Amino acid sequence: MSPISSPSPEATSATARALPDGYDANRNAKADIQAALATAAKEHREVLIDFGANWCPDCKVLDAMFHSAQVEPLLQKDYVVVAVDVGEFDHNIDLASKYVDLQTSGIPALVVLQPDGTLRTATNDGSFANAQTMDASQVSAFLTRWAPGGNQ
């Protein structure tokens, strides 16, 4: 993983922030979600929670797509992104169960929340559990659909 360089002067706006890079088991996911909700409310964006794990090949593929030229601008514009580590389905499971059924969703599982914490959608159908078979246009379509003011 490459180090993050300092943002250029034109990239210092509130919407230009680094996306999570993988899943950090040491982070306080509940606090991260609360902070994301506060930021989303100030910036009129949605919160995108990405439940996954670093051992998961599909999670790694989705993470790479999140950093792609086609997907990253959508995330920066419309979402505050939180990556939540679920370990071997033994970490942050109580938190995940508030939003998504990991039994049916698999990982990665995506959840979109409104800034007030209202659940907009969760990928309980496992639609991202096979991220290796997806392309950036499919991820972009999901993000566009659930963006603030999107056509769900």
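For the structure, check the block above.
Residues numbered from 1 in each chain as written. Predicted model: local features only at pLDDT ≥ 70, side-chain atom pairs only at ≥ 80, totals over all residues. Heavy atoms only, no water.

A.B. asks: Which residues make up the pattern of salt bridges, and what values do they have?
C.D. replies: Opposite charge on two side chains permits pairing when their charged atoms draw close. Per the stated rule, a full pass over the model turns up four salt bridges. Here Arg27 makes a salt bridge to Asp32, at a shortest N to O gap of 2.7 Å. Its relative accessible area of 16% is what places Asp32 among the buried residues. The shortest N-O distance in the salt bridge between Asp78 and Lys77 comes to 3.2 Å. (Salt bridge = Lys/Arg side-chain N within 4 Å of Asp/Glu carboxyl O. Buried < 20%, exposed > 50% of the residue type's maximum accessible area, 1.4 Å probe, protein only.)

A.B. asks: Can you break down unusual backbone geometry residue by residue, with the values?
C.D. replies: In this structure, the amide linkage connecting Ile107 to the following residue, Pro108, adopts the cis form with an omega of 0°. Note on placement: Pro108 falls in the loop between α5 (102–105) and β3 (109–113). With a phi close to 60°, Phe89 is a non-glycine residue in the positive phi region. Phe89 gets classed as partly exposed once you look at its relative accessible area, which sits at 40%. One non-glycine residue, Asn92, lies in positive phi territory at about 60°. If you trace the backbone, Asn92 turns up in the loop between β2 (79–85) and α4 (93–97). (Helix = DSSP H or I, 4+ residues; strand = E, 2+ residues; numbered from the N terminus.)

A.B. asks: Summarise helix α2 (residues 57–66); cite the residues concerned and give the values.
C.D. replies: Along α2, the positions that sit buried rather than exposed are Asp58, Cys59, Leu62, Asp63, Met65 and Phe66. Down the axis, α2 shows its buried residues gathered within 160° of arc, on one side only. (Arc of directions from axis to C-beta.)

A.B. asks: Explain the nonpolar core residue by residue, including any values.
C.D. replies: Core analysis: the biggest nonpolar cluster contains 27 residues, and Ile33, Ile49 and Phe51 have the highest contact counts within it. No other element matches helix α1 (residues 29–43), which puts five residues into this core. In this view, Ile49 contacts Ile33, Val82, Val84, Tyr99, Ala109, Leu110, Val111 and Leu113; residues no more than four positions away in its chain are not counted. Val112, Phe128, Ala131 and Met134 belong to the second-largest nonpolar core, a separate cluster that totals 20 residues. (Core = buried A, V, L, I, M, F, W, Y, C linked by side-chain atoms within 4.5 Å. Contact = heavy atoms within 4.5 Å.)

It is worth stressing that arrangement in space is one thing and function is another; only the former is reported here.
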